[in-house]
Amino acid sequence: MEFNKCTRCGSFYVSTGDVCPKCITKDNLELGTFQNYVQENGLNNSLESVSNQTGISIKNLNRFISYGGFNND
Ligand SMILES: [Zn+2]
């Protein structure tokens with residue numbers, strides 16, 4: 001059995017993924033928000049600016065970007 005530490009709230013949990021079951025709904029919501037933002041605006045703006053516009057923390061933005069599938073050209 002492997003314990004993961006939630007990147008959002010710091011709780012330990014037994015599951016796969018980067019966030020605990022309590023946070024996964026919000027995390028998926030924010031990932032969707034970010035994907036929509038990238039589709040409309042691309043990734044040309046600074047993360048600070050994206051964070052201000054989407055309400056998603058820079059830490060979480062970096063994690064979403066690390067999941068891949070975003071064109072940063
Ligand atoms: Zn959590």
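Anything mentioned here points back to the structure above.
Worth saying up front: this structure is predicted, and the values here are computed from it rather than measured. By convention here, each chain's residues receive numbers from 1 onward along its written sequence. In keeping with the model being predicted, local features are shown solely for residues with a pLDDT of at least 70 and side-chain atom pairs are shown and tallied solely at 80 or more, while totals for entire chains, interfaces and linings include all residues. In computing side-chain properties, one takes all heavy atoms of the structure into account and sets aside hydrogens as well as water.

**Observations regarding the environment of Thr33**
For step 1, the next point in the chain: Helix and strand definitions here come from DSSP, where helices need a minimum of 4 consecutive H or I residues and strands a minimum of 2 consecutive E residues; each element is numbered from the N-terminal end. With respect to the element layout, Thr33 can be found in helix H1 (residues 24–41).
For step 2, the next point in the chain: On the basis of relative accessibility, which here comes to 34%, the residue Thr33 falls in the partly exposed class.
For step 3, the next point in the chain: For the pair Thr33 and Ser51, spaced 18 residues apart in sequence, the C-alpha separation works out to 11 Å.
For step 4, the next point in the chain: Thr33 has contacts with Thr54 and Ile56, leaving out every residue within four places of it along the chain. Only protein chains enter the accessibility calculation, which uses a 1.4 Å probe. A residue is then buried if its area is under 20% of the maximum for its type, exposed if over 50%, and partly exposed in between. In this analysis, two residues are considered to be in contact whenever any of their non-hydrogen atoms come within 4.5 Å of each other.

**Examining the coordination of the zinc ion**
For step 1, the next point in the chain: Each metal site is built from N, O and S donor atoms within 2.8 Å (3.2 Å for Na, K and Ca), and since water is not included, such sites may look incomplete. Each protein donor to the zinc ion is listed here as Cys6 (SG), Cys9 (SG), Cys20 (SG) and Cys23 (SG); together their distances run 2.3 Å.
For step 2, the next point in the chain: Labels for metal geometry use angle windows, namely 85 to 135 degrees for all angles of a four-donor tetrahedral site, and for square planar (four donors) or octahedral (six donors) sites opposite donors over 155 degrees apart plus all others within 65 to 115; sites meeting none of these are irregular. What the four donor atoms of the zinc ion show is an angle range of 105 to 114° at the metal, which sorts the shape as tetrahedral.
For step 3, the next point in the chain: Between consecutive donors of the zinc ion, the numbers of intervening residues give the motif C-x2-C-x10-C-x2-C. Pair check on accessibility: Cys20 and Cys23 agree, each one buried.

By themselves these figures say nothing about function.
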